[in-house]
Amino acid sequence: MYPKTRLRRLRKRLFQPLFKENRLQKTDLIAPVFVDETISAPKPILSMPGQSRIPLGTVAGTAEALWDCEISAMVLFGIPAQKDGQGSQAFAHDGVVQKAVREIKRAVPDMALITDVCACEYTDHGHCGIIGDTAYGPDLLNDPSLDLMAKIAVSHAESGADMVAPSCMLDGMVAVIRNALDGAGHEDLPIMSYSTKYASALYGPFREAADSGYAFGDRSTYQLDPANAREGVRESILDAEEGADVLMVKPAGFYLDIISSVASIGLPVAAYQVSGEYAMIKAAGEKGWLDERRVVMESLTSIKRAGADLIITYFAKDASGWLDEEQ
Ligand code: PBG
Ligand code: ZN
């Protein structure tokens, strides 16, 4: 008999679990959470069925519920009451993320808290940093924005975050943040860099979720062209050299080749299954066109197979329940 036929038959009988090359685990999963300072009850995100912005008052409960499902890491995004040109609420001691971190740490001390370090939720123009005139018209200014990121990261560290995740794709962002953290006595705080982040249409629903739509232009001057793989890997190598502790590829599902290449750099790799990936699966599932549960598990397993150690996904809680049922 051909070995392939034998393998197929064996697999059908006793050996399926033994031959599994990759196994999704709850400890692979990180849940993104949107905390909104302007609301007092959860507010559903229409383009992400099943997801809501939550008020500060229920953030501890949300963390407890995730913890009960054995999801032990969260990424926090904040929606502030006030926005301005400089994103100043992003580094305020009483900013929404800073308060959320303190609340969660009180309720669930062992929850690993990762904070998104960016300004797009906090600027009135919706861009990720400071805007100014350039030879090509108004655009993100790299160096002034770096100072802002350093301040945001230090203020998150001060409030008790366990890891900071700069997501703005500025040049030199990791080095500047590392320096600032070290200078403020946070030498042990790791940086998860959104190191390879593509200018993707899949972030559409996030802009509703995080209220971070932009007033002009787009983000293609600081995010990567989806056509470019080598450039994507180079971005992660540069961030590794600047001192990143964890690299990230985003989005995940359309970029499995990139995940696989970035994994070979040698640092832990996170992959972000973004809002649009979530929305597509949800919409087809709601219509009965796809089996939501099977597609979710297949997508997450594929991201793991590509080489991701960590997966940031809005399906974290659902997947945890489904993993229980598979045992
Ligand atoms: C902002 C940020 C974005 C996401 C995470 N951080 C949006 C963007 O870059 O435009 C997207 C996440 C998602 O779509 O789920 N810095
Ligand atoms: Zn941003």
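Attention in this report is confined to the structure presented alongside it. (Residues numbered from 1 in each chain as written. Chains lettered and ligands numbered in written order. Predicted model: local features only at pLDDT ≥ 70, side-chain atom pairs only at ≥ 80, totals over all residues. Heavy atoms only, no water.)

1. Looking at the side chain of histidine 125
For clarity, the threshold we go by: Segments assigned H or I by DSSP are reported as helices when at least four residues long, segments assigned E as strands when at least two residues long, and all are numbered from the N terminus. Note on classification: 1.4 Å probe, protein chains only; a residue is buried when its accessible area is under 20% of the maximum for its type, exposed when over 50%, partly exposed between these limits. We define a polar contact as two N or O atoms separated by no more than 3.5 Å, with the added condition that, inside protein, one atom must be a possible hydrogen donor and the other a possible acceptor, whereas residues neighbouring each other in sequence contribute only through side-chain atom pairs. Any two residues whose heavy atoms approach within 4.5 Å at even a single point are treated as in contact.
Its location among the elements puts histidine 125 in the loop between β5 (112-117) and β6 (131-134). On the basis of relative accessibility, which here comes to 11%, the residue histidine 125 falls in the buried class. At 3.1 Å, the side chain of histidine 125 and the backbone nitrogen of histidine 127 are in polar contact. The residues touching histidine 125, leaving out its near neighbours within four places in the chain, are Gly85, Ile131, Gly213, Tyr214, Ala215 and Phe216.

2. A closer look at the environment of isoleucine 311
Summarising the element assignment, isoleucine 311 is placed in strand β12 (residues 310-313). When the C-alpha positions of isoleucine 311 and phenylalanine 34 are compared, they lie 17 Å apart, and in sequence the two are 277 residues distant. In this structure, isoleucine 311 is in contact with Leu24, Asp28, Leu29, Ile30, Ala271, Leu300, Ile303 and Lys304, ignoring residues within four places of it in sequence.

3. Brief notes about the nonpolar core
Here is the rule: The criterion is simple. A nonpolar core is a set of buried Ala, Val, Leu, Ile, Met, Phe, Trp, Tyr and Cys residues joined through side-chain atoms within 4.5 Å.
Counting 100 residues, the largest nonpolar core has Phe34, Met74, Leu76, Met149, Ile177, Leu181 and Met192 as its most contacted members. With seven residues, the top contributor of residues to this core is helix α4 (residues 142-159). Dropping the residues within four chain positions of it, methionine 192 is found in contact with Ile30, Ile114, Met163, Val164, Ala165, Pro166, Val246, Met248, Ala270, Leu310 and Ile312.

4. Some points on the coordination of the zinc ion (ligand 2)
The line we're drawing: The donor set covers N, O and S atoms within 2.8 Å of the metal, switching to 3.2 Å for Na, K and Ca, and it leaves out water, so a site may look short of donors. Sites are called tetrahedral only when four donors show all angles between 85 and 135 degrees, square planar or octahedral only when four or six donors show opposite pairs over 155 degrees and all other angles between 65 and 115, and irregular in any remaining case.
Donor atoms from the polypeptide that coordinate the zinc ion (ligand 2) comprise Cys118 (SG), Cys120 (SG) and Cys128 (SG), at 2.3 Å from the metal. Considering all four donor atoms around the zinc ion (ligand 2), the spread of angles at the metal, 92 to 123 degrees, places the coordination shape in the tetrahedral class. In primary sequence terms, the donor set of the zinc ion (ligand 2) follows C-x1-C-x7-C. Of this pair, cysteine 118 sits in the loop between β5 and β6 while cysteine 128 sits in the loop between β5 and β6; the two residues are ten residues apart in sequence, bridging distant segments of the chain. Residue cysteine 128 is classed as buried on the basis of its relative accessible area, which comes to 1%.

5. Quick look at the pairing of β6
Let me state the cut-off plainly: Strand pairing is assigned whenever DSSP detects at least two bridges linking the two strands.
Inspection of the sheet shows β6 paired to strand β7 (residues 137-140) by four bridges, in the antiparallel sense. Looking at the pairing, glycine 132 lines up with aspartate 139 of β7. Connecting the antiparallel pair β6 and β7 is a turn made up of two residues.

6. Describing the site of ligand 1
Heads up, the rule is: What makes a residue near a molecule or strand is one non-hydrogen atom of that residue sitting within 4 Å of it. Throughout, the Shrake-Rupley method with a 1.4 Å probe supplies accessible areas, and for residues the shown protein chains are the sole cover considered. Residues are grouped as follows: nonpolar covers Ala, Val, Leu, Ile, Met, Phe, Trp, Tyr, Cys and Pro; charged covers Asp, Glu, Lys and Arg; every other residue, Gly included, is treated as polar.
Neighbouring ligand 1 are 16 residues; Lys197, Arg207, Lys250, Ser275 and Tyr314 lie closest to it. Glutamine 223 places a side-chain nitrogen or oxygen 2.9 Å from an oxygen atom of ligand 1. Compared with its free state, where it exposes 400 Å², ligand 1 has 100% of that area covered by protein. Its residues assigned to classes, the shell around ligand 1 comprises eight nonpolar, three polar and five charged.

7. Considering the environment of glutamine 25
Along the chain, the position of glutamine 25 falls in the loop between α1 (3-19) and β1 (29-36). On the basis of relative accessible area, glutamine 25 is assigned to the partly exposed category, the value being 42%. It is 9.1 Å that separates the C-alpha atoms of glutamine 25 and alanine 319, two residues lying 294 residues apart in sequence. Not counting the four nearest positions on each side in its chain, glutamine 25 is found in contact with Lys304 and Leu323.

8. Re the side chain of serine 320
Among the structural elements, serine 320 can be located in helix α11 (residues 316-326). With a relative accessible area of 1%, serine 320 lands in the buried category. Once residues within four sequence positions are removed from consideration, serine 320 is found in contact with Lys26, Cys69 and Ile71.

9. Examining a positive patch on the surface
So the rule is basically this: Like charges within 9 Å and nonpolar side chains (Val, Leu, Ile, Met, Phe, Trp, Tyr) within 5 Å are joined into patches, using only residues over 30% in relative accessible area that form no salt bridge. Counted as salt bridges are all cases of a side-chain nitrogen of Lys or Arg within 4 Å of a carboxyl oxygen of Asp or Glu. Only four residue types enter the charge count: Lys and Arg as positive, Asp and Glu as negative, with His and the chain ends excluded. By convention, the charge on Lys lies at NZ, on Arg at CZ, on Asp at CG and on Glu at CD.
On the surface, Lys4, Arg8, Arg9 and Lys12 cluster together into a patch of positive charge. For lysine 4, the position within the fold is in helix α1.

10. Some thoughts on the packing of helix α2 (residues 59-68) against helix α3 (residues 96-107)
Threshold: Convention adopted: a line fitted to C-alpha atoms gives each axis, helices being fitted over their contacting stretch, and angles between N-to-C directions are expressed from 0 to 180 degrees. By definition in this entry, angles of less than 35 degrees are roughly parallel, angles greater than 145 are roughly antiparallel, angles of 65 to 115 are roughly perpendicular, and the rest are oblique. Left-handed is the label given to a crossing in which the near helix is rotated counterclockwise from the far helix by less than a right angle, and right-handed is the label when the rotation is clockwise.
Orientation of α2 relative to α3, taken along the N-to-C sense of each, is 50 degrees, at an axis distance of 8 Å. On the basis of the axis angle, α2 is oblique to α3. The element α2 and its partner α3 pack so that their crossing is right-handed. Of α3, the residues touching α2 (which contributes Val59, Ala60, Ala63 and Glu64) are Ala100, Glu103, Ile104 and Ala107. Looking at the contact of α2 with α3 residue by residue, the class counts come to six nonpolar, no polar and two charged.

11. Side note on the packing of aromatic side chains
We count it as follows: Two rings from Phe, Tyr or Trp (for Trp, the six-membered ring) form a pair when their centres sit within 6.5 Å of each other. Planes less than 30 degrees apart are called stacked, planes more than 60 degrees apart edge-to-face, and all others tilted. Here, a charge over a ring means that NZ of Lys or CZ of Arg falls within 6 Å of the ring centre while also lying within 35 degrees of the ring normal.
One pass over the full model with this rule turns up nine aromatic pairs. Aromatic side chains phenylalanine 34 and phenylalanine 77 sit 5.3 Å apart centroid to centroid with 25 degrees between the ring planes, which places their arrangement in the stacked category. Within this pair, whereas phenylalanine 34 is found in strand β1, its partner phenylalanine 77 is found in strand β4 (residues 73-79), the two being separated by 43 residues in sequence. The burial state of phenylalanine 34 is the same as that of phenylalanine 77; both residues are buried. Pairing tyrosine 278 with tyrosine 314 gives two aromatic rings, centres 5.8 Å apart and planes at 65 degrees, and the pair type is edge-to-face. Of the two residues, tyrosine 278 is situated in helix α9 (residues 275-287) and tyrosine 314 in the loop between β12 and α11; the sequence distance between them amounts to 36 residues. Between lysine 250 and the ring centre of tyrosine 272, over which it is positioned, the NZ or CZ distance is 5.3 Å.

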